[in-house]
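Each chain, written out:
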Amino acid sequence: MSDITQKKMEQIAQMWNARGKGLITHMALEIEEVSTESVRVRMPFNPDFCVDAEQSMLHGGILTALLDSVFGLANFVAIEGVSTMATLDLRVDYLRPARSRADVIVQAHCFRKTRHIAFNSGSVWFAGHEDAEIARGTASFALTRGETSLFDAMTKGKTS
Amino acid sequence: MDVQTVNANVSRVPFFRFLNFEVRSLDSLHAEAEMTFDDRHIGNPIMEYYHGGIIASFMEATAAIAVQPDFADVPAKPINLTVDYLRPGVKGPLFARANVTRKGKRMASVSVLSWQTDREKAVAEGLYHFLLV
């Protein structure tokens, strides 16, 4: 993470922690690696996200939500001067049944950024099984440029 | 398949309980459902908008029910999805209507629309594929 300033790292940590309510808090995401090139996030197993009564298989929807969240983080890290962003569209392929109680790992990056749009892709697998991808996603985000950053809004309670 | 039986099945799926929705109407090619807003659904905590992934998940759930309302254990197997986000989903109930555009022996295509106060002002539109074998 050498290409990210200490200030940005602190902002990321604060932003993540400021989400006192909401899905990201409930998913209990942990940032494993972060750089302008790519981000890697871990989601611990949570029985709420399962599709079967035995709670041994995740619902695809939570993988979609995970990809969407981590794309947002990848954009925040990779792009300067963004006040807000919104997912424009999202495509997810479910490559295997998500049958495991292991933690889930998501690796995502922004592969192209323009003034108004960011393009993302990412992969999902169970911890220790990187060779058996369970989902892959691509998305585009609409960026709103501005001085009031997403970070300021979240940590100081201002709406932009 | 009556709505009451389907909702009883829905309540057995942990993630569907997390989403907190009820099927409102059902016929051989359609399903309509209503999701109740919950703090755990929030994506933007400042504006209190729904998380895009929750909207996509709710639409996927509604689509799976339209395809296979009589699922016994787990809902229909999803292959992939594409979602267009058209407006922010604000605090309040969210509706989804799934329309099975094609159901073959092995595959089904389902289009889903979601909205809040006005059906004409869609929050999101999605296309979902399911494997039926």
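- You'll find chain B entered in an unreviewed UniProt entry as Thioesterase, with Pseudooceanicola atlanticus given as the organism.

1. Let's talk about the overall build of chain B
Then step 1. Scanning chain B for helices and strands turns up three helices and eight strands.
Then step 2. Scanning chain B from its N terminus toward the C terminus, one meets helices and strands in the order α-α-β-β-β-β-α-β-β-β-β.
Then step 3. Along the first, second and third principal axes, the C-alpha atoms of chain B reach 45 × 25 × 25 Å.
Then step 4. The buried share of chain B, taken over its 133 residues, is 53%.
Then step 5. Considering only residue pairs separated by 6 or more positions, chain B has 58% of its internal contacts joining residues 24 or more positions apart.
Then step 6. Accessible area for chain B stands at about 5,900 Å²; split by element, carbon and sulfur atoms hold 50% of it.

2. Details of the overall build of chain A
Then step 1. If you tally the helices and strands in chain A, you get four helices and six strands.
Then step 2. Expressed as a percentage of the 160 residues in chain A, the buried residues total 51%.
Then step 3. If you take every contact in chain A between residues at least 6 apart in sequence, the share linking residues at least 24 apart comes to 66%.
Then step 4. Total accessible area on chain A is roughly 7,200 Å²; 49% of this is exposed by carbon and sulfur atoms.

3. Notes on the side chain of Arg-40 of chain A
Residue and element names in this part refer to chain A.
Then step 1. Looking at the secondary structure, you find Arg-40 in strand β2 (residues 39-43).
Then step 2. Within the structure, Arg-40 has its side chain in polar contact with the side chain of Gln-107 (distance 2.8 Å).
Then step 3. Leaving out residues up to four positions away in the same chain, Arg-40 has contacts with Glu-30, Ile-31, Glu-32, Glu-33, Ile-105, Val-106, Gln-107, Trp-125 and Glu-130.

4. Some details on the packing of aromatic side chains
Then step 1. Scanning the entire structure with this criterion turns up eight aromatic pairs over all chains.
Then step 2. With centroids separated by 5.6 Å and ring planes inclined at 55 degrees, the aromatic side chains of Phe-21 of chain B and Phe-58 of chain B adopt a geometry described as tilted. You can see Phe-21 of chain B sitting in strand β1 (residues 21-26) and its partner Phe-58 of chain B sitting in helix α3 (residues 52-67), a full 37 residues away along the chain.
Then step 3. Overall, Phe-21 of chain B belongs to the buried group, its relative accessible area being 6%.
Then step 4. For the pair Phe-95 of chain B and Trp-115 of chain B, a centre-to-centre distance of 5.8 Å together with 20 degrees between the ring planes defines the contact as stacked. Here the residue Phe-95 of chain B occupies a position in strand β6 (residues 94-103), and Trp-115 of chain B occupies one in strand β7 (residues 107-115), the gap between them amounting to 20 residues.
Then step 5. Phe-95 of chain B gets classed as partly exposed once you look at its relative accessible area, which sits at 21%.
Then step 6. An aromatic cluster is defined as three or more aromatic residues linked by ring pairs; in this entry it consists of Phe-49 of chain A together with Phe-15 and Phe-18 of chain B.

5. So, the nonpolar core
Then step 1. Ranked by internal contacts, the top residues of the largest apolar core, which has 88 residues, are Ile-62 of chain A together with Phe-21 of chain B.
Then step 2. The greatest single-element share of this core, amounting to 12 residues, is contributed by helix α3 (residues 60-78) of chain A.
Then step 3. In this structure Phe-21 of chain B touches Val-10, Phe-16, Ala-33, Glu-34, Met-35, Phe-58, Ala-61 and Ile-65 of chain B, once residues within four positions along its chain are discounted.

6. A word on the side chain of Ser-100 of chain A
Then step 1. One can find Ser-100 of chain A in the loop between β3 (82-94) and β4 (104-113).
Then step 2. Setting aside residues no more than four positions away along its own chain, Ser-100 of chain A makes contact with Phe-45, Ser-56 and Phe-126 of chain A.

7. Quick look at the sheet that holds strand β6 (residues 135-145) of chain A
Then step 1. The strand order β1(A)-β2(A)-β4(A)-β5(A)-β6(A)-β3(A)-β5(B)-β8(B)-β7(B)-β6(B)-β2(B)-β1(B) describes an open sheet built from 12 strands, whose pairing is antiparallel. At either end of the open sheet lies a strand with only one pairing partner, and these are β1 (30-34) of chain A together with β1 of chain B. Between one strand and the next, the sheet's axes are offset by a mean angle of 25 degrees, whatever the strand orientation.
Then step 2. Pairing of β4 of chain A with strand β5 (residues 117-126) of chain A involves nine bridges; the strand directions are antiparallel. Paired with Gln-107 of chain A across the two strands is Ser-123 of chain A, which belongs to β5 of chain A.
Then step 3. Sitting on the sheet, α3 of chain A is in contact with β1, β2, β3, β4, β5 and β6 of chain A together with β5 (77-85) of chain B, with an inclination near 45 degrees to β4 of chain A.

8. Here we look at the interface of chain B and chain A
Then step 1. Each side of the interface is counted separately: chain B has 33 residues, and chain A has 36 residues.
Then step 2. Here chain B and chain A share an interface that buries about 2,700 Å² over both sides, 61% of which is from carbon and sulfur atoms.
Then step 3. Here chain B and chain A share two salt bridges between them.
Then step 4. Glu-48 of chain B is the salt-bridge partner of Lys-21 of chain A, the closest N and O atoms lying 2.5 Å from each other.
Then step 5. Taken together, the connections running from chain B to chain A amount to 14 residue pairs in polar contact (both at pLDDT 80 or more).
Then step 6. Listing elements by their share of the side of chain B that touches chain A, those giving two or more residues are α2 (14-19), β3 (42-44), α3 and β5 of chain B.
Then step 7. Here the element with the most residues in the side of chain B that touches chain A is β5 of chain B; it accounts for eight residues.

The rules behind the values
- Residues numbered from 1 in each chain as written.
- Chains lettered and ligands numbered in written order.
- Predicted model: local features only at pLDDT ≥ 70, side-chain atom pairs only at ≥ 80, totals over all residues.
- Heavy atoms only, no water.
- Helix = DSSP H or I, 4+ residues; strand = E, 2+ residues; numbered from the N terminus.
- Buried < 20%, exposed > 50% of the residue type's maximum accessible area, 1.4 Å probe, protein only.
- Contact = heavy atoms within 4.5 Å.
- Areas by Shrake-Rupley, 256 points an atom, 1.4 Å probe, with all protein chains shown as cover.
- Polar contact = N/O pair within 3.5 Å; in protein donor to acceptor, adjacent residues only side chain to side chain.
- Phe/Tyr/Trp six-rings, centres within 6.5 Å; stacked < 30°, edge-to-face > 60°.
- Core = buried A, V, L, I, M, F, W, Y, C linked by side-chain atoms within 4.5 Å.
- Pairing = 2+ DSSP bridges.
- Axes fitted to C-alpha atoms, helices over the stretch in contact; angles between N-to-C directions.
- Buried area = accessible area lost by both parts, 1.4 Å probe.
- Salt bridge = Lys/Arg side-chain N within 4 Å of Asp/Glu carboxyl O.

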